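Below, each chain spelled out in residue letters.
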Amino acid sequence: MTDDLFASIDALLARPRPVDDLPTPAERERLRKAGDYTQEELAAALKTRRETIVRWEAGTTEPRPPKREVYIRFLATLALQLGTVEPTEWLRRAQAAGLVRTDAAPAPVPAEATSPAVPEPAAAPGAPATVPEAFATAAAASEQPAPAAQPVMLDQNPDGSLLMAQPAPCLQCGQPSVYRAQGQPMHLGGFCRPGTVPAAAQPAPAVVAPEPADSVAPVAEPRQTAPAAGPVAAPRRVATSSRPAASSRSRKALAKKPAAAEGSADWEQAAAARFPAGPLAVLDVAPSGKALVAYLADGTQAPTAPTGRTLADIVEWALETKLGSPRLHRHGKDGDALVVLTDAALAELGLPPMGRDEKKDFVQRLGQLPKTHKAVKQVEKAGWLLTQRGLGPWARIYRTPGGGKRQCVQLCIPAWGALASGGWTIPDSLTAPGLARLLGTYATRVLTPRGSTAVSGIELVTALRPPTKAVRTEAGWTSGPVEGSRPKEAFDPAPPEVLEMHPLAQDRGPGQELVTEAWDWFRELTDDEKRTALYAVGLDVNMAFLAAAGRLTLPLGPPVHELNPAFDKRIPGSWLADLSHVETDPLLPSPFTADGSRPTGPAWYSTVKLAYAIELGATVRPTEGWLRHEHGPYLDPWHKHLRAAYLDTMAALGVPSDLADTDPAAFLAAMADLKTTGDPAELAVLHAIKQTAKGTIGKMRERPRGHGYKPGERWAALERPTWDPLMRALVIDTATVNLHRKLRKMAADTGLRAIAVLSDCAVFAAPGPGALDILTLPDGTLTTALCLGVSPGMVKFEGSRPLAEVLELIADGANPARHIKTGGVVSADE
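The rules behind each value
Residues numbered from 1 in each chain as written. Predicted model: local features only at pLDDT ≥ 70, side-chain atom pairs only at ≥ 80, totals over all residues. Heavy atoms only, no water. Helix = DSSP H or I, 4+ residues; strand = E, 2+ residues; numbered from the N terminus. Buried < 20%, exposed > 50% of the residue type's maximum accessible area, 1.4 Å probe, protein only. Contact = heavy atoms within 4.5 Å. Areas by Shrake-Rupley, 256 points an atom, 1.4 Å probe, with all protein chains shown as cover. Phe/Tyr/Trp six-rings, centres within 6.5 Å; stacked < 30°, edge-to-face > 60°. Lys NZ or Arg CZ within 6 Å of the ring centre and 35° of its normal. Pairing = 2+ DSSP bridges. Axes fitted to C-alpha atoms, helices over the stretch in contact; angles between N-to-C directions. 1 Å grid on protein atoms, 1.4 Å probe; cavity = no way out; pocket = protein on both sides within 12 Å on 5 of 7 lines; lining within 4 Å. Points joined across faces, edges and corners; volume = space filled by probe spheres on them. Nonpolar A, V, L, I, M, F, W, Y, C, P; charged D, E, K, R; others polar. Arc of directions from axis to C-beta. Polar contact = N/O pair within 3.5 Å; in protein donor to acceptor, adjacent residues only side chain to side chain. Salt bridge = Lys/Arg side-chain N within 4 Å of Asp/Glu carboxyl O.

**Q** Could you clarify how one ought to interpret the overall build of the chain in this entry?
**A** Helix and strand counts for the chain stand at 25 helices and 22 strands. Every one of the 830 residues in the chain was classed for burial, and the buried ones make up 50%. Within the chain, residue pairs in contact and separated by at least 24 positions form 69% of the contacts whose partners lie at least 6 positions apart. Of the roughly 37,500 Å² of accessible surface on the chain, 54% is carried by carbon and sulfur atoms.

Written as structure tokens, this is what we have:
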């Protein structure tokens, strides 16, 4: 118990805290203007864009290392030059961290005491400090190895200000310094330049206690008063120096952290240390039938189990055991503990099964136990609360104790249908330890389940892109935006983008809707295809929507309406344009409509489709647009996270990512045997990951639920910041355009053209029944148009049918791609 308490305190102390190391946004702008520097000059020096400087000075975003330290150096030096009389906390921190150049123009010193390799600009004795040198190259230099100098505690005056004297050679580097340590010349915070002074000549400085590696900001030394600046002349520009300007943060990290630990973050380690028991537990009844037993995420039995027999006891046990999952973003929130109740545990706790009696049973139609049920009353009596969803298949029990930190535990009740649908496919014969391993694997690779896979997917987006962070200002702590995230408050999309029942669509005329759906297209076969082909072969694109989301520019702010806008492929939005003149291959589906037919007149299109029309050689002149000037790769972290989860699961099933490159036949054989030889639990995880990717995109245009809804009313999903039909449209359109490019290249490489497409499955007329029959080139190599492989965006064999059957399907008006699998079922990916 004592060891656990010490570990908890150590984790608490290791947690990084925001540090007020920057002035207010208004002060940043004032200092730059007072120094006679433009935003363009500063942006060029920091190797960034002017818009970034604008956001820094507006306070909408904050600089990040390594540019943060360099920007602080720039502002702090200007503050001292301009005669700041009473330095604020940020300036004291900059001085304590060694980020201020107050010795840039010292009095002349003996030549033998100065390093000849680093010449100093000429200056008269007592000249004021100059504009910070080397901030033009310091962003790159801050990542270079730092000089071998030790941080020291500088001498102070009785009032706490730093003692200053005439510039003299620093005992560590030989360069001039106005500061003293134990009476000897020394640089502030150990911020030394390369020198030639031998180590034997250095005094034994008082070393400052080291700070944790990779901390958010340098740990402040005791509060100090800035040294008197004296008369200050107008700022003047100086030539940049070539010496490295490594930040104190990077120097300390390099000096104190083992090489193997570099790149890890304290906040990640501290978050993981808070939950030693893992993300979840499955509660079952022990074989003796006299006690409960808990199985953790790896399938092992927990050392303790709840001794009580109420839901309140379960919640208390979960919190005491330290179940939960660490946050995925430093400004995000830790995941709540998940407790899964088996059927036996449900009965042991006195909870009813699924039934029809609305007073005694759980009725699926209602979705929760009635609030008058004794189990609900027990929860409330113990001081816990339930969300508006009540006590249902995925229930949340919470309270806010003293200190304001919310405590919450989520319940998953399979007997009430929690895992019977919503993207979950749990094997029937799975034991309690096996269920714990299955859900624990998903929690480790993706996210602790929050409900359906779609709900978990949209929660994953927010976990990786939290909308707000804690920001410290002169007035105290406040909430600020996180760069690259959507705001916390939802905003409405444009009228063409919304569903027909949305309030903004009630006055919309016919043909004024942005129609974006995956392809559902097929065509008649040519005489040559009927004569030479014996089979129809289908190829399916792996995780097509997930692949499309990587680095895709998506809206981060509300739409702006513009007439006759100049098209810009960098701006996500909806555009009214006529693409009926765009010529495409008549034997391939048109990329501009969902049914693959050629457009007949003006219509609303997303940025992706207009950009592709230009790529095909068309001239585009939109007459109207709803544009998002705030944008960024919002789903890129989600894409990377789920992609890694998918590849890890495929590798666990015996299909590594490089198998198709080394042995295509072995890859096809492994995929064919996957469902018969693969671990059922891993297959269930694979299916859940696929449904998570698909469901996330669907949630961005979630429809109203319930029987009492009336068109024109708002529904609950509209208040979710991630509800945005344009994001869905951009992802689907990108997947469509990507596939169209591949089909064009396939036709150029092999002469084969798709005869049917359904979403991400394309069917070709082929001489044989296998994938290699259509992918193999005359020279025996494989085409790169559609690459076999397991990675998202690559293709796998979907199925084949005799051509005679396919011709019958087409004659009956059925899409062959929907029935290409043996048995005529639709792919689980569709």
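**Q** Explain the packing of aromatic side chains here, please?
**A** Aromatic ring pairs are defined here through the distance separating the ring centres and the angle between the ring planes. One pass over the full model with this rule turns up eight aromatic pairs. With 5.6 Å between their ring centres and 90° between their planes, Tyr 709 and Trp 715 make a pair best called edge-to-face. Relative to Trp 723, the ring of Trp 715 has its centre 6.0 Å away and its plane inclined at 85°; by these criteria the two rings are edge-to-face. When sorted by exposure, Trp 715 lands in the same class as Trp 723, which is buried. Site record: aromatic cluster; members linked through ring pairs are Tyr 709, Trp 715 and Trp 723. Cation over ring: Arg 406 sits above Tyr 398, and NZ or CZ is 4.6 Å from the ring centre. The ring of Tyr 634 has Arg 486 sitting right over it, with the charged end atom 6.0 Å from the ring centre.

**Q** What's the story with the sheet that holds strand S12 (residues 520-522) in this structure? I'm lost.
**A** What links the strands of a sheet is backbone hydrogen bonding, and the strands pair in either a parallel or an antiparallel sense. Taken together, five strands build an open sheet; the order of strands is S12-S20-S21-S13-S22 and the sheet is antiparallel. Edge positions in the open sheet fall to S12 and strand S22 (795-802), since each of these has one partner strand only. Across the sheet, the mean angle separating the axes of adjacent strands is 20° when strand polarity is ignored. Relative to strand S20 (residues 754-758), S12 is paired through three bridges, and the arrangement is antiparallel. When the sheet's bridge partners are listed, Asp 520 is paired in S20 with Leu 758.

**Q** Teacher, can you tell me more about the layout of surface pockets here?
**A** In this approach the atoms are scanned with a rolling probe the size of a water molecule, which exposes any empty space left behind. The calculated volume of the second largest pocket comes to roughly 1,000 Å³. Elements with a contribution of two residues or more to the lining of the second largest pocket: helix H4 (50-58), strand S11 (476-481) and strand S19 (631-632). If you tally residues by element for the lining of the second largest pocket, the top one is H4, at four residues. Residues that form the lining of the second largest pocket fall into these classes: nine nonpolar, 14 polar and 13 charged.

**Q** Honestly, H4 in this entry has me stumped. Any pointers?
**A** The α-helix winds at 3.6 residues per turn, so residues separated by three or four positions along the chain end up facing the same way. Among all positions in H4, only Thr 52, Ile 53, Trp 56 and Glu 57 are buried. Each buried residue of H4 lies within a common arc of 130° when the element is viewed along its axis, so the set occupies one face. Elements that come into contact with the buried residues of H4 comprise helix H2 (25-34), helix H3 (39-45) and helix H5 (67-81). Looking one or two places after H4, you find Gly 59, whose phi comes out positive at around 80°.

**Q** Where do I start with the sheet that holds strand S5 (residues 292-296) in this structure?
**A** Read from one edge of the open sheet, six strands run S5-S4-S6-S9-S8-S7, paired in mixed fashion. Looking at which strands have only one partner, the edges of the open sheet turn out to be S5 and strand S7 (385-386). Two strands pair when backbone bridges link them, and strand S8 (residues 394-399) and strand S9 (residues 407-412) are joined in this way by six bridges, in the antiparallel orientation. Within the sheet, the bridge partner assigned to Ile 397 lies in S9 and is Val 409. Along the sheet, helix H10 (residues 311-321) contacts strand S4 (280-285), S5, strand S6 (337-341), S8 and S9; its crossing angle with S9, the most-contacted strand, is approximately 115°. Running at roughly 170° to S4, helix H13 (residues 432-445) makes contact with S4, S5 and S6 of the sheet.

**Q** What exactly am I supposed to notice about the pairing of S4 here?
**A** For a regular strand, side-chain orientation follows a simple rule: the groups alternate between the two sheet faces. A large share of S4 lies buried, amounting to six of its six residues. Bridging between S4 and S6 involves four bridges; their strand directions are parallel. Considered in S6, the bridge of Leu 280 is made with Leu 338. Pairing between S4 and S5: five bridges, direction antiparallel. The partner of Asp 284 across the bridge, within S5, is Val 293.

**Q** Before we go on, may I ask you to explain the side chain of Glu 497 in this structure?
**A** The topology assignment puts Glu 497 in the loop between S11 and S12. In this structure Glu 497 comes out as buried when scored by relative accessible area, which is 4%. Side chain to side chain, Glu 497 and Ser 574 meet in a polar contact 2.5 Å long. Once you skip the residues sitting within four places of it in the chain, Glu 497 turns out to touch Arg 508, Leu 514, Ser 574, Trp 626, Arg 628, Pro 725 and Leu 726.

**Q** Is there a simple way to think about the pattern of salt bridges in this case?
**A** Side chains that differ in sign of charge can pair as their charged atoms come close. The tally for this structure, following the rule as stated, stands at 37 salt bridges. Between Glu 62 and Arg 28 there is a salt bridge, with the nearest N and O atoms lying 3.2 Å from each other. One end of the pair, Glu 62, is in the loop between H4 and H5; the other, Arg 28, is in helix H2, with 34 residues separating them in the sequence. The buried category is assigned to Arg 28, whose relative accessible area is 3%. A salt bridge links Arg 753 to Asp 585, with the shortest nitrogen-to-oxygen separation between them at 2.7 Å. Of this pair, Arg 753 sits in the loop between helix H23 (725-750) and S20 while Asp 585 is found in the loop between strand S16 (573-578) and strand S17 (602-606), placing the two residues 168 residues apart along the sequence. Residue classification places Asp 585 among the partly exposed residues on the basis of a relative accessible area of 21%. Through salt bridges with shared partners, a single network forms among Lys 699, Glu 702, Arg 705 and Arg 720.

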